[in-house]
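Each chain is listed here by its residues.
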Amino acid sequence: MTDHDRTAVCPFCGWTEAASEYEMLLHLETLHPDLEPEPSVDGVSGGSGGGDMATQEVNYVECPHHGCDAILELGDLESHLQAAHADGAQERSALKGVSPPPQDQSLKTQSPASPSSSEKAEAAKHRRPDRPSSGNDKRQSKSVRGWIKFLGMASPLRTRSRPPRKSGEGNDGEDSSAKLKKRLGMSELGLFAHEERMPNWLASYLRKHGQVVSHGIVDVVACLLDQSKQTEYAYVCHPSVQHISRLKYEGGFCGYRNIQMMCSYILGSKSKGHENLQKDNTPSIFEIQDWIETAWDNGINSEGRIETGGIKGTRKYIGTPEALAVFRLLDIPCDTGAIRNAEPSASEALLLKSVEDHFQSGVEDPTQRIRKTAVSPIYFQHRGHSLTIVGFERLKNGSKQLLVFDPSYHVSSNLVALAGKTFTHPHPDFALRSFRRGSKYLRRFKEFEILRVLPST
């Protein structure tokens, strides 16, 4: 091994300068100090076989990728970096002559404008020291790949929403014998579990920029599935569902983003209760917070206020109980289900069956290979993260997997450009990677929660 091979490289900023191990430790402690986890809260999750769902201590790190401001759990870092590399690879492939047609100017894609210089300056006060910006992308890429290799084991990106409740609770999530009445901590509510109010600069930024919305992606996914040589058959939900993803500086509001995606279906399909939403507008994070607090005031899942200490104007993470509270307040009919088994593979099988049954209920022609339906998407929660299930797929090798919109990631601009068009993709399975969640992802969890909007009668 050469001296160069022994040189330590900072996994967070790529700094090296022939650093020794001691120098690297000093660098990490000085410029990238770990945030201390809060002591676990007893009694948050109980029951036999549920040890994996118990409150755990959480170590947070900042994404080392230049330009990314995400704060992640240490166990989530590898898959986050892999996803970033996959997105980059897709963008690079476009430069090599395999890009889809250019962006249609009539496409209704809402993207936030760049924050103002004052917003950036204010944001910088609340962030860790800036990483070197020498432009040495090769060094940055090398250090990120080395960090991925060092971590060794894949794990899904999570934004630390609250864990699912025990499966013994009823569909309304209000089993009085199992109510959680202790204050939750960082493991459930995230890094800002005890925040009374988010910084003014962030509130202003969120109000100004709203959300990143990509329209027509359900149909794009359906077309990619039709071109995939791996797909035996698949279902997709109502095409009106929008893909909504995080803003650059917002942190983790995945629960809110998934509620927004569910609302896009309610508005697009004009389901019962759609009149209680603003016409043609998905609600903002602040509107959703107001609804949650109002629901608690009205006795709907009101133990959530005790568990969270209140969420209005904060960055605390929310989960299925809060999503349920919103829809019940707005008179939107829905039901929930909790899946729990000591064996992860058993929980996975039950989840996949439940999801397939949901989409089968909306199929008119079961002989079709790609079965487009008008049923709702599904709000999907596992420990630490929530997503929106927009479809289900069975592969020719017999395996089954979910098709999801993950608010942690933006849809590739190459795919956004395909919305509303007839196209042939040169690598459909590569393009589908960010939407597929199979056994490799699901087998890590023993508990899941799902929430679906019921069809209008």
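Everything below is about the structure shown above.
The residue numbers shown here count from 1 along each chain, following its written sequence. Selection of residues for local features in this predicted model requires a pLDDT of at least 70, selection of side-chain atom pairs for listing and counting requires 80 or more, and totals for whole chains, interfaces and linings are taken over all residues. To obtain the side-chain values, all non-hydrogen atoms of the structure were used and water was disregarded.

## Description of the overall build of the chain
Here a strand is any run of E in DSSP of at least two residues, a helix any run of H or I of at least four, and the numbering for each starts at the N terminus. Counting its regular elements, the chain contains 16 helices and 12 strands. Sorting the 457 residues of the chain into buried and exposed places 53% on the buried side. Here, residues are in contact when the closest pair of their heavy atoms is within 4.5 Å. Put simply, 76% of the contacts in the chain that link residues at least 6 apart link residues at least 24 apart. Using a 1.4 Å probe, accessible areas were evaluated by the Shrake-Rupley method; residue-level cover was limited to the displayed protein chains. By element, 50% of the accessible surface of the chain is carried by carbon and sulfur atoms, the whole surface being about 20,700 Å². The buried label goes to any residue with under 20% of its type's maximum accessible area, the exposed label to any with over 50%, and the partly exposed label to all in between, with areas taken from a 1.4 Å probe on protein chains only.

## Here's the deal with the pattern of salt bridges
It is possible for side chains bearing opposite charge to pair when their charged atoms get close. Note on definitions: salt bridges are taken to be side-chain nitrogens of Lys or Arg within 4 Å of carboxyl oxygens of Asp or Glu. Scanning all chains against the criterion turns up 15 salt bridges. A salt bridge links Asp 331 to Lys 272, with the nearest nitrogen and oxygen atoms 2.8 Å apart. With Asp 331 in the loop between α12 (320-329) and β6 (334-340) and Lys 272 in the loop between α9 (254-269) and α10 (285-297), the pair connects residues that are 59 residues apart, well separated along the chain. Note that Arg 305 is salt-bridged to Asp 297, the shortest N-O span being 3.0 Å. In this structure Arg 305 comes out as partly exposed when scored by relative accessible area, which is 29%. What emerges from the salt-bridge pattern is a single network uniting Glu 293, Asp 297 and Arg 305.

## Observations regarding empty space enclosed by the protein
Only protein atoms enter the calculation, which uses a 1 Å grid: trapped sets of points that fit a 1.4 Å probe without letting it out are cavities, open sets showing protein on both sides within 12 Å along at least five of seven lines are pockets, and any residue with an atom within 4 Å of a point is a lining residue. Grid points are joined across faces, edges and corners, and a volume is the space filled by probe spheres set on the points. Applying the stated criterion to the full structure yields two cavities of 30 Å³ or more. Considered as a void within the structure, the second largest cavity measures approximately 40 Å³ in volume. Around the second largest cavity, the lining residues are Leu 206, Gly 210, Gln 211, Arg 257, Ser 284, Ile 285 and Phe 286. Residue polarity follows a fixed list, in which Ala, Val, Leu, Ile, Met, Phe, Trp, Tyr, Cys and Pro are nonpolar, Asp, Glu, Lys and Arg are charged, and the others, Gly among them, are polar. Considering only residue class, the lining of the second largest cavity consists of three nonpolar, three polar and one charged.

## With respect to the packing of α10 against α12
Running from N to C, α10 and α12 cross one another at 80 degrees; their axes reach a closest spacing of 9 Å. The angle between the axes of α10 and α12 places the two elements in the roughly perpendicular class. Counting all contacts with α10, which are made through Ile 288, Trp 291, Ile 292, Thr 294, Ala 295 and Trp 296, the residues of α12 involved are Glu 322, Ala 325, Val 326 and Leu 329. Across the contact of α10 with α12, the residue classes break down as eight nonpolar, one polar and one charged. The angle between two axes is taken between their N-to-C directions and runs from 0 to 180 degrees, where each axis is a line fitted to C-alpha atoms and a helix contributes only its stretch in contact. Reported orientations rely on four angle classes, namely roughly parallel under 35 degrees, roughly antiparallel over 145, roughly perpendicular from 65 to 115, and oblique for the rest.

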